[in-house]
Amino acid sequence: MTIIPCIPLAIMLITAGNQKNGNEIEAQIKSLGGTLVIVQKVKPNDTPFTPVRKTFGNHYKIQYNLNGQTHVAWFRSEKALIKFPESTFEEKWIIQ
């Protein structure tokens, strides 16, 4: 009985984390002067980031248009809304 009331809270936290990531991705690409084409959630091993033993958060492959050309960026998010434990990586973005 204790778990059932926690389900909506868990869904709200996951949704808020995804929204936070989406907002950060959109802001970064916009700051470059680009426009988003597609954002894909990918596995950590499918990115050019240096592997980190314990990674909390999601990894994204982002395609965006800039000056008529399509480019790729990679984003590694921190754990949704919470910074505990502290980030185990420094590099959040790889922009190509």
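Before reading further, recall that the structure is shown in the block above.
Everything numeric in this text was worked out from a predicted model, so none of it was measured. (Residues numbered from 1 in each chain as written. Predicted model: local features only at pLDDT ≥ 70, side-chain atom pairs only at ≥ 80, totals over all residues. Heavy atoms only, no water.)

**Student:** Give me the nonpolar core: which residues, what numbers.
**Tutor:** Judged by nonpolar contacts, I25, I29, Y60, I62, Y64, L66, A73, F75 and W93 together constitute the single largest core of nine residues. Taken together, the elements giving at least two residues each to this core come down to helix 1 (3-31), strand 2 (59-66) and strand 3 (69-76). With four residues, the top contributor of residues to this core is strand 2. Setting aside anything within four residues of it in sequence, one finds I29 in contact with G34, T35, L36, I62, Y64 and A73. (Core = buried A, V, L, I, M, F, W, Y, C linked by side-chain atoms within 4.5 Å. Buried < 20%, exposed > 50% of the residue type's maximum accessible area, 1.4 Å probe, protein only. Helix = DSSP H or I, 4+ residues; strand = E, 2+ residues; numbered from the N terminus. Contact = heavy atoms within 4.5 Å.)

**Student:** A description of the side chain of R76 should follow, citing residues and the corresponding values.
**Tutor:** Locating R76 in the fold gives a position in strand 3. Polar contacts involving the side chain of R76 include one to the main-chain carbonyl oxygen of T50, which spans 3.3 Å. (Polar contact = N/O pair within 3.5 Å; in protein donor to acceptor, adjacent residues only side chain to side chain.)

**Student:** Please give an account of the sheet that holds strand 1 (residues 35-42) that cites residues and values.
**Tutor:** Strand order across the open sheet formed by four strands is 1-2-3-4, with antiparallel pairing between neighbours. Both edges of this open sheet fall to strand 1 and strand 4 (93-95), since each of them pairs with a single strand only. On average, each strand axis in the sheet is inclined to that of its neighbour by 20°, with strand direction left out of account. (Pairing = 2+ DSSP bridges. Axes fitted to C-alpha atoms, helices over the stretch in contact; angles between N-to-C directions.)

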